Amino acid sequence: MKRYSVFAVAREALRYHTGWERAWRSPEPKRHYDVVIVGAGGHGLATAYYLGKNFGITNVAIIEKGWLGGGNTGRNTTIIRSNYLQDPSAAIYEKARSLYETMSQDLNYNVMFSPRGVIMLAQTEHEIRGYKRTAHANQQQGVQTEWISPERVKEIVPIINLDGPRYPVLGGLYQERGGTARHDAVAWGYARACSDMGMDIIQKCEVTGVRTENGRTVGVDTTKGPIDCDKIGMIVAGNASVLSEMAGFRLPMESVALQAMVSEPIKPCMDVVVMANTVHGYMSQSDKGEMVIGGGTDGFNNYTQRGSFHHIEETVRALVETFPMVSRLKMLRQWGGIVDVTGDRSPIISKTPVQNCFINCGWGTGGFKSIPGSGWAMAELMATGHSPLTEEFTINRFKEGKFIDESVAAGVAH
Amino acid sequence: MSTRLANQGRLIDRSKQIDFTFNGKSMKGFAGDTLASALLANGQVMMGRSFKYHRPRGVVASGSEEPNALMQLGVGDRYEPNQRATTTELFSGLSANSQNHWPSLEFDVLSINNKLSRFLTAGFYYKMFIHPRPLWKHVYEPIIRKSAGLGAAPDKELKDADTYEHFYFFADVLVIGGGVAGLQAAKAAAASGAKVLVLEQNNFWGGRAPVDGGTIDGDTPDAWIAKTLAELRDMDNVTLRDRCMGSGVYDHGYALGYERLTDHAPGQGGPRHRLWRIRASQIVTATGAIERPLSFAGNDVPGVMLAASMRDYVVNWGINPGQKVVVATNNDDAYRTALVLHEAGVEVVRVIDTRETGGGALMEAVREKGIRVELGRAIAKVKDGKCVTEVAICAQNGEGGARETVQADAVAMSGGWSPVVHLWSHCGGKLIWDEANANFRPDASRPPLGHDGNGFVVPAGAANGEFGLAALLEDAAAAGAKAAEAAGFPAKSVAAAKGESAAELQMEAVWLMPAKADIKLRMKTWLDYQNDVKVSDVQLAAREGYESVEHTKRYTTLGMATDQGKLSNINGLAILADSLNSEIPQVGTTTFRPPYHPISLGAIAGEARAEIFQPVRKTPIADWMDQNGADWEPVGQWRRPFSINKPGEDRHAAVNREVKNTRENLGLLDASTLGKLVVKGPDAGKFLDMMYTNMMSTLKIGKCRYGLMCTENGFLMDDGVVARIDEDTWLCHTTTGGAERIHGWMEEWLQTEWWDWKVYVANVTEQYAQIAVVGPNARKVLEKLNAAAGGGMDVSKEALPFMEWRDGKIGEFDARAYRISFSGELSYEIAVAASEGQAFWDALMEAGKEFGVMPYGTETLHILRAEKGFIMIGDETDGTVIPQDLGLHWALSKKKEDYLGKRAQARSHMVDPERWQLVGLETVDGSVLPDGAYAVGEGVNANGQRNMIGRVTSTYFSATLNKGIAMGLVKHGPKRMGEVIEFPGTDGVTYKAKIVDPVFYDKEGEKQNV
Amino acid sequence: MLILECPYCGVKAEETELAAGGEAHLKRFGPGSSDDEFHDYLFMRENPKGVHFERWRHANGCGKWFHAARCTMTLEVFGTYTAQTSVPTQEIIDKIAAKRPGWTWREFADEK
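Per chain, residues are indexed from 1 in the order of the written sequence. The naming scheme follows written order: chains are lettered A onward, ligands numbered 1 onward. Predicted model: local features are reported for residues with pLDDT of at least 70 only, side-chain atom pairs are reported and counted for 80 or more only, and whole-chain, interface and lining totals are derived from all residues.

J.: Quick question: what am I supposed to make of the overall build of chain B here?
T.: Elements are defined by DSSP. Helices are runs of H or I of four residues or more, strands are runs of E of two residues or more, and each kind is numbered from the N terminus. For chain B, the count of helices and strands is 25 helices and 52 strands. Dimensions of chain B along its principal axes, counting C-alpha atoms only, are 115 × 70 × 55 Å. Labels follow a simple rule on C-beta atoms placed from the backbone: if 20 or more others lie within 10 Å of a residue's own, it is buried; if 12 or fewer, it is exposed; otherwise it is partly exposed. Counting over 1010 residues, chain B shows a buried share of 60%. Considering only contacts within chain B whose residues lie at least 6 apart along the sequence, 66% involve residues at least 24 apart. Contact between residues is assigned whenever the C-beta positions, reconstructed from backbone atoms, fall within 7 Å.

Below is the structure:
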């Protein structure tokens, strides 16, 4: 693999960029792999990458029914934070956040991780208590967060209106090392690195069946023919229920639409990510200048990747209230993705009833920020059968009543 | 240079001159001008700078598809960036500034990027700025952010001076687009009797037909449009709205209209924008088509314009686009531009037609005017600069070696037409590739599906890929009739108007000009003007493996500018397909998403802002509270006073005063926000036994019982006192903000699980004002009121014991008094009719004077209950806490087989002795524990996190006890009484606290039992 | 932006009037049930790409709960019906069977 650098760009510029090689190969599938990852989104690619990097397992195929990074990886609002309340969540999201810090260097691909800071606004007394609690928990979890005053919020976010007549800003939970990254680049960077390790990324190849023998997985059937393997990792946000049915087990999960939108680009006016959970809206400004805006999920099962407009209205209303100056900006584009939501709205990273078949799903609205941590942990689980990061995220926790509930901190998980 | 023609201009009124400014310079235009046409009339060809390379740019289109001429409009609280000059109607005093440059439009420092463009290709930033790591955040990214973005951000304190509104409309048939196809479709649909709404984004009707010429029913298009509009306006079942864009089509026939009411007349009053929320049975998309640019080097130089747009400027606004114009085309339509220019007296230097055999009648007409037409030719290059000066012409089928160079100051280009399929596609309508016209058009067999599984969008006219007046009008009439019929209004036969227009010969798909342009030319050939994406960029993306159209889009940013690829998408797709040796339909399109054209966030937010952002629920005593120092806090939809501050008093001092006074004298709390649900019916007892963990069916009439409600998952969700009113009636109190939720919860079970149980639930929360009369003097004040009224309810210990209720008179008021206490004091919660709430409050305040009465707020309520060790839903509970964690076993009926949550509480983790349990906490030094602090144990867990053994759930300064008190959940807590555990604060201090009984005050309960 | 006809008040209700209530026709398991039964009752949900039976409440309308059969891929609504039933009505099943031969959904699948 030719390394990317300013010198490489300069060299190529002189020959009109004719010398760049493919970022990833586009091979036909082999008959057998040690590991088949179903789903070439961020999580699937990251899992493959860490299987190779951390465990030397490189005879891996990553099978994708569409195009890599084409699901939720490429349609989220790119927020990265780890200020979660519960230990297992804080552990995996902080692992992810720390891996994001060095991802560009690891992958030799600029994923534009920008630790510009994330503030979650407290707008009720109840929220104040919730976020102070989170700050205390984070301190013990090794996650750097702090509770900040309204005045400090205003310093960091000059465009904010502290004195909303309905919900004044009473302070915020600030994670200075949270931020954003370029979502597509994360998928592309991992894909390039996986391909470079000799892994096969097989796009436009749909899994049509999961083959098992004696309760053990032996391969998958695909639109490009059968592929044998020793282990399967199912990492298909939005389609996990469908795939698990193929393997013969069910998931405690439902799929709903989550929407986002961007404004037209403007010159920089907001450096941090701000989340206002009481009023259900969050916003950041991309490097391109667009205000990137997200809200809550629709309430009903949906696979259309379209949401209902009243959710957009609610989100925009909240943001106009919180940042009055956006009133005169314009919505450029709205879109939707399908997120899988489990019984406690936390993910499942787990062994399954089928031996050697592993599942990673149910990230709900928190998928993008967890990609490297999720991949790291999933790779460890698949390679060794155990990962401390995934221990609490089992499929069985619902039976035991051992939930990982993040909504308790007055927050929604975005 | 562009100028105003002496005549022409069907949309302008030369008798009305309008003054405006551009970059501070005074200019003049006419009523009917757009900002773009007015600027052109003033010779201002260069109107902006591109996004990435900061190249000089002029207006290229005449409508909402314009990617270049974006302006900063207005000042102060009416400032707005990124307004298209082409859709901005000129008004007196308009102030426009070009954007994305520094220091000026003419001289832009960042145009250095243009010089560096060879380095700054697609995706260059993914390959650079990787090392050293800190530089990305601190150096590279800030530079990129500053140079990106378009218009300047509004001022950070901007408060929008305008208002916005929402409007509902229900239509049988919604016609989007008021061109001749839209009007024809509307006419056909309306004839059936269907209720029809027609939306037109411009301030004029008829679309481009009047510019393009031809005849309709033997008359000019203008005449037919006027006649048809008059007919439609006369029909009661038709509503017409101009300046109103159909911006999005959503599921089940929902559509948005975006009406710009005062953009052309700011300050005239009324809302600026109106968002139409439309439900339509059927939607006709008569949204026309957009001309495609041709891809030749220098196709972005100011003065290069779409051929039909140039025609618009001439015919509609009387603009002379230049002195010498080159027309480049691959189809017949652009010849119309040559004819219009010629007629306006503009010299057409050349018509360059890529087709070896040229066009039909229109070409002949052009030749007859003596205009030189070159066949099989292409533009090799337009010389770089701030305006077109020189055009090099070559063979289309070559590499770009120029045969001839001509002097010109404007270029009209036409690469063919693409139907506007956006609205068809928003909700899943599929497309097919039309080989003849080289465009994607709606596939009528795969429309977006409505609630009944049938298609609900019908494309019409050019939006359906039908060009030529005759075919277009027939298609539109059929579409209108089809939509009406599908909406349940069988069509009356309405003959389509007869259109006649010049016959056109086959166009030729030309995606690169010349066909074998070398790399140097391709690096100067723009696809996406605003985002600076060139042919070479798409080719690079394909070469690097970004093969999917979505990859290419995202890698190059093709089609991601504010025009969302209206001009660039098809051209880019074609280049990609060619690079992949694939066909365009195989490559496919990116997804079309709403809105069609950007719409203001203000319009989306609508009226609900500031005071009416969300409704505030108010109790009958809210106004009194407001006048007497209430320090409000939002609690759900309500606001409650945190404390009631005296002048000059801060909230903490107020709380301490309130606490002490209530304990020592008399406190009044407005408890009206507590939910009050009447549960009634023969099965009400049985039902409440399921809803509550306690046994409610055995509660005696006249008595009260504190009850807990759990989710089916076992977790505590609400609590409150339940009173048995009569044989089959109970009144259930819920938490503030819980009334609607719990009412819904009860209804859910009654309607969907136990629907044969005979129970009614009514939410009477707002029917009553409820006032807690609390403190040692509580009985005295009530007795005083009764004495004054000469009788009333006996509120003595014997007549109204603790945990009982009575109906009767208190003073002059019909009241229901509950002897319940959330404070540990002698306490009556008294409900009166909401309409009498304020009077009752006033009476209590007046009578209570001699007893030291003071109102108190929520914080005092919290402290009083915490001193007594009473739990608070939302503090001690958070959705993960079960009653057993809180030592509430006594409230879990052992006699009942079942209640909601019972099964869940039997799961292994719920009976785990390791669960954290409720205890009281007292700091060793009497200080107040920090809110939300965690207690730490030894060591770390497998993920390196410090082991935690408990947390603070409530913490207060108790003025009664003059020290900090707290409640918390601690592992093995009740067994560790007296132990001291550590709570590291976020302030760097480690707080040491002793585990104690959670009841801090009056453990025996003597004070409430008097 | 869905429209569902409330079978009680007959209003063609806008989505903003409605509250979604998840999968329909769940059988409640209480004390005495096995861990598996209780788990499935609380958490296991049909999540099909296709026909789905679900609960809705006409929350900002008549307040009644009702059932709907809806396709999660096309959002086509096959019908709405009373919430006071533990199985879909035959009419709805027939309607779906006619439009979607071979559809499956728990035990209510089209067996033909």
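Don't stop here, the text continues.
J.: Even after reading the chapter, I still don't get the overall build of chain A, so can you show me in this structure?
T.: Looking only at helices and strands, chain A features 11 helices and 18 strands. Here chain A has a C-alpha radius of gyration of 21 Å; the compact-globule value for 414 residues is 22 Å, and the two agree. In terms of its C-alpha atoms, chain A occupies a principal-axis envelope of roughly 65 × 65 × 40 Å. Counting over 414 residues, chain A shows a buried share of 70%. Sequence separation of 24 or more characterises 76% of the internal contacts of chain A that already satisfy a separation of 6 or more. Only the C-alpha atoms count toward the radius of gyration. The rule for a globule is 2.2 Å times the residue count to the power 0.38.

J.: Mind showing me how you'd approach the sheet that holds strand 39 (residues 716-726) of chain B here?
T.: Paired through their backbone hydrogen bonds, the strands of a sheet run either parallel or antiparallel. All names here are of chain B. Here five strands make up an open sheet; going across it, the order is 38-39-40-37-41 and the pairing antiparallel. This sheet does not close on itself; its edge strands, each paired only once, are strand 38 (704-710) and strand 41 (760-763). Here the average twist between neighbouring strands, direction ignored, is 30 degrees. Here the rule is simple: two strands pair whenever DSSP picks up at least two bridges between them. Examined bridge by bridge, strand 39 and strand 40 (residues 729-734) share four bridges and lie antiparallel to one another. If you follow Ala-723 over to strand 40, its bridge partner there is Leu-731. Whenever a helix is involved, its axis is fitted only over the stretch in contact; in every case the axis is a line through C-alpha atoms, and angles between N-to-C directions fall within 0 to 180 degrees. Those strands touched by helix 21 (residues 684-691) are strand 37 (675-680), strand 38, strand 39 and strand 40, and its axis lies near 135 degrees from that of strand 37. Contacting strand 37, strand 38, strand 39, strand 40 and strand 41, helix 22 (residues 739-752) crosses the sheet at an angle of about 165 degrees to strand 41.

J.: Would you take a moment to explain unusual backbone geometry for this structure?
T.: Leaving glycine aside, a negative phi is the common case for residues, and trans is the common case for peptide bonds. Residues and elements named next belong to chain B. With an omega of -15 degrees, the peptide bond running from His-131 to Pro-132 counts as cis. Along the polypeptide, Pro-132 turns up in the loop between helix 3 (124-127) and helix 4 (134-147). At the junction of Pro-594 and Pro-595, the peptide bond is cis and its omega measures out at -5 degrees in the coordinates. As for its position among the elements, Pro-595 is in the loop between helix 17 (584-587) and strand 33 (599-600).

J.: Where do I start with the interface of chain A and chain B in this structure?
T.: Interface size is often expressed as the accessible area that is lost when the parts come together. The interface of chain A with chain B comprises 90 residues on the first partner and 94 residues on the second. Contributing elements (two or more residues each) for the side of chain A that touches chain B: helix 1 (6-14), helix 3 (87-101), helix 4 (103-107), helix 5 (125-141), strand 5 (146-148), helix 7 (183-196), helix 9 (309-322) and strand 16 (330-342) of chain A. Under the grouping applied here, Gly and all other residues not named as nonpolar or charged are polar, the nonpolar ones being Ala, Val, Leu, Ile, Met, Phe, Trp, Tyr, Cys and Pro and the charged ones Asp, Glu, Lys and Arg. A class-by-class count of the residues in the side of chain A that touches chain B yields 42 nonpolar, 25 polar and 23 charged.

J.: I'm lost on the interface of chain C and chain A in this one. Help?
T.: With 18 residues of chain C at the interface, the matching set in chain A holds 19 residues. The set of elements that each furnish at least two residues to the side of chain C that touches chain A consists of strand 3 (19-23), helix 1 (35-43) and strand 4 (51-57) of chain C. The biggest single contributor to the side of chain C that touches chain A is helix 1 of chain C, with four residues. Residues that form the side of chain C that touches chain A fall into these classes: eight nonpolar, five polar and five charged.

J.: Explain the pairing of strand 6 (residues 171-175) of chain A here, please?
T.: Each regular strand shows side chains that alternate between the opposite faces of the sheet. Residue and element names in this part refer to chain A. Along strand 6, five of the five residues are buried, which leaves the element largely enclosed by surrounding structure. Burial along strand 6 is two-sided: the residues Gly-171, Leu-173 and Gln-175 and Gly-172 and Tyr-174 are all buried. Sheet analysis places strand 4 (residues 118-122) next to strand 6, joined by five bridges and oriented antiparallel. Counterpart to Leu-121 in the pairing with strand 6 is Gly-172.

J.: Help me understand the sheet that holds strand 6 (residues 70-73) of chain B in this model?
T.: All names here are of chain B. With mixed pairing, the five strands of this open sheet are ordered in space as 3-2-8-6-7. Edge positions in the open sheet fall to strand 3 (25-31) and strand 7 (80-84), since each of these has one partner strand only. Direction aside, the axes of adjacent strands within the sheet are offset by 40 degrees on average.

J.: Help me understand helix 20 (residues 651-664) of chain B in this model?
T.: Residue and element names in this part refer to chain B. Here helix 20 spans 20 Å end to end across 14 residues, near enough to the 20 Å set by a 1.5 Å rise per residue. When helix 20 is considered as a whole, its buried residues turn out to be Ala-654, Val-655, Asn-656, Glu-658, Val-659, Asn-661, Thr-662 and Arg-663. Here the buried face of helix 20 lies against strand 35 (638-644), strand 36 (666-670), strand 42 (768-774), strand 46 (853-855) and helix 25 (858-867). Expected helix span is taken as 1.5 Å per residue step, with the number of steps being one fewer than the number of residues.

J.: How do you make sense of helix 7 of chain A when you look at a structure like this?
T.: Because an α-helix completes one turn every 3.6 residues, residues spaced three or four positions apart along the sequence face the same direction. For helix 7 of chain A, which comprises 14 residues, the first-to-last C-alpha distance of 20 Å matches the rise-based estimate of 20 Å (1.5 Å per residue) to within 8%. Taken across its 14 residues, helix 7 of chain A has 13 buried, putting it largely inside the fold.

J.: What should I look at first to understand the environment of Pro-998 of chain B in this one?
T.: Residues and elements named next belong to chain B. In this fold, Pro-998 is placed in the segment after strand 52 (990-996). Separated by 77 residues in sequence, Pro-998 and Leu-921 have C-alpha atoms that sit 7.2 Å apart. Beyond its immediate stretch of four places on either side in the chain, Pro-998 contacts Gly-869, Leu-918, Val-919, Gly-920 and Met-967.

J.: What am I meant to see in the nonpolar core here?
T.: In a soluble, globular protein the nonpolar side chains are often hidden away together inside. A set of buried Ala, Val, Leu, Ile, Met, Phe, Trp, Tyr and Cys residues, joined to one another through C-beta atoms within 7 Å, is what we call a nonpolar core. Judged by nonpolar contacts, the single largest core of 480 residues is most densely connected at Ile-62 of chain A together with Val-173, Ala-185, Ala-189, Val-284 and Val-411 of chain B. For this core, the element with the most residues is helix 12 (residues 469-486) of chain B, which contributes 10 residues. What counts as a domain boundary in this text is fixed by an automatic or database domain assignment. Mapped onto the domain boundaries, this core takes at least three residues apiece from domain 1 (25-82 + 84-108 + 183-251 + 344-410) and domain 2 (118-178 + 255-342) of chain A. In contact with Val-411 of chain B, other than residues within four places in its own chain, are Gly-303, Val-304, Val-325, Val-326, Ala-328, Val-382, Val-388 and Val-391 of chain B.

J.: Even after reading the chapter, I still don't get the environment of Gln-90 of chain C, so can you show me in this structure?
T.: Within the fold, Gln-90 of chain C resides in helix 2 (residues 90-99). Spatially, the C-alpha atoms of Gln-90 of chain C and Ala-24 of chain C are 15 Å apart, while their sequence positions differ by 66 residues.

J.: Which parts of the structure should I look at to understand the confidence of the model for chain A?
T.: Every residue is assigned a pLDDT by the predictor, reflecting its confidence on a scale from 0 to 100. Considering every residue of chain A, the mean pLDDT works out to 94; 98% of them sit at 70 or more. This model gives residues 410-414 of chain A a pLDDT under 50, and the stretch forms 22 contacts once residues within four places in sequence are excluded.

J.: Please explain the pairing of strand 12 (residues 253-263) of chain A as it appears in this structure.
T.: Residues and elements named next belong to chain A. Among the 11 residues that make up strand 12, 11 are buried, leaving the element largely enclosed by the rest of the structure. Side-chain alternation along strand 12 places Met-253, Ser-255, Ala-257, Gln-259, Met-261 and Ser-263 on one buried face and Glu-254, Val-256, Leu-258, Ala-260 and Val-262 on a second face that is also buried. In this sheet, strand 16 lies alongside strand 12 in antiparallel orientation, the contact comprising 11 bridges. Bridging across to strand 16, Met-253 finds its partner in Thr-342.

J.: Looking at this structure, how should I read the domain arrangement of chain A?
T.: Residues and elements named next belong to chain A. The domain boundaries assigned to chain A delineate domain 1 (25-82 + 84-108 + 183-251 + 344-410) and domain 2 (118-178 + 255-342). The C-alpha centroid of domain 2 is placed 27 Å from the C-alpha centroid of domain 1. Contact with domain 1, which involves 30 residues of that partner, is made by 31 residues of domain 2. For the side of domain 1 that touches domain 2, the secondary structure elements donating two or more residues are strand 3 (79-80), helix 3 and helix 8 (240-247). For the side of domain 1 that touches domain 2, the leading source of residues is helix 3, giving five residues.

J.: What is the right way to read the environment of Cys-229 of chain A from this model?
T.: Residue and element names in this part refer to chain A. Structurally, the position occupied by Cys-229 is in strand 11 (residues 225-234). On the neighbour-count criterion, Cys-229 (23 C-beta atoms within 10 Å) is buried. For the pair Cys-229 and Gly-219, spaced 10 residues apart in sequence, the C-alpha separation works out to 4.8 Å. Residue contacts for Cys-229: discarding those within four places in its chain leaves His-32, Tyr-33, Asp-34, Val-35, Val-36 and Gly-219.

J.: It is not clear to me how the packing of helix 14 (residues 535-543) of chain B against helix 16 (residues 569-579) of chain B should be interpreted in this structure. Could you clarify?
T.: Relative orientation and spacing of two packed helices are given, respectively, by the angle between their axes and the distance between those axes. Residue and element names in this part refer to chain B. Packing of helix 14 against helix 16 brings their axes to within 9 Å, and their N-to-C directions diverge by 40 degrees. Here helix 14 is positioned oblique relative to helix 16, judged by the angle of their axes. As helix 14 runs across helix 16, the sense of the crossing is right-handed. In this structure, helix 14 uses Val-535, Val-538, Gln-539 and Ala-542 to contact helix 16, whose residues at the interface are Gly-572, Ile-575, Leu-576 and Ser-579. For classification purposes, an angle smaller than 35 degrees is called roughly parallel, one larger than 145 roughly antiparallel, one from 65 to 115 roughly perpendicular, and anything else oblique. In this scheme the crossing of two helices becomes right-handed for a clockwise turn of the near helix relative to the far one and left-handed for an anticlockwise turn of less than a right angle.

J.: Help me out: how do you make sense of the confidence of the model for chain B in this one?
T.: Regions with low pLDDT should not have their predicted coordinates read in detail. Across chain B, the average pLDDT comes to 96, with 100% of residues at or above 70. If you check the scores for this complex, the pTM reads 0.96 and the ipTM reads 0.97.

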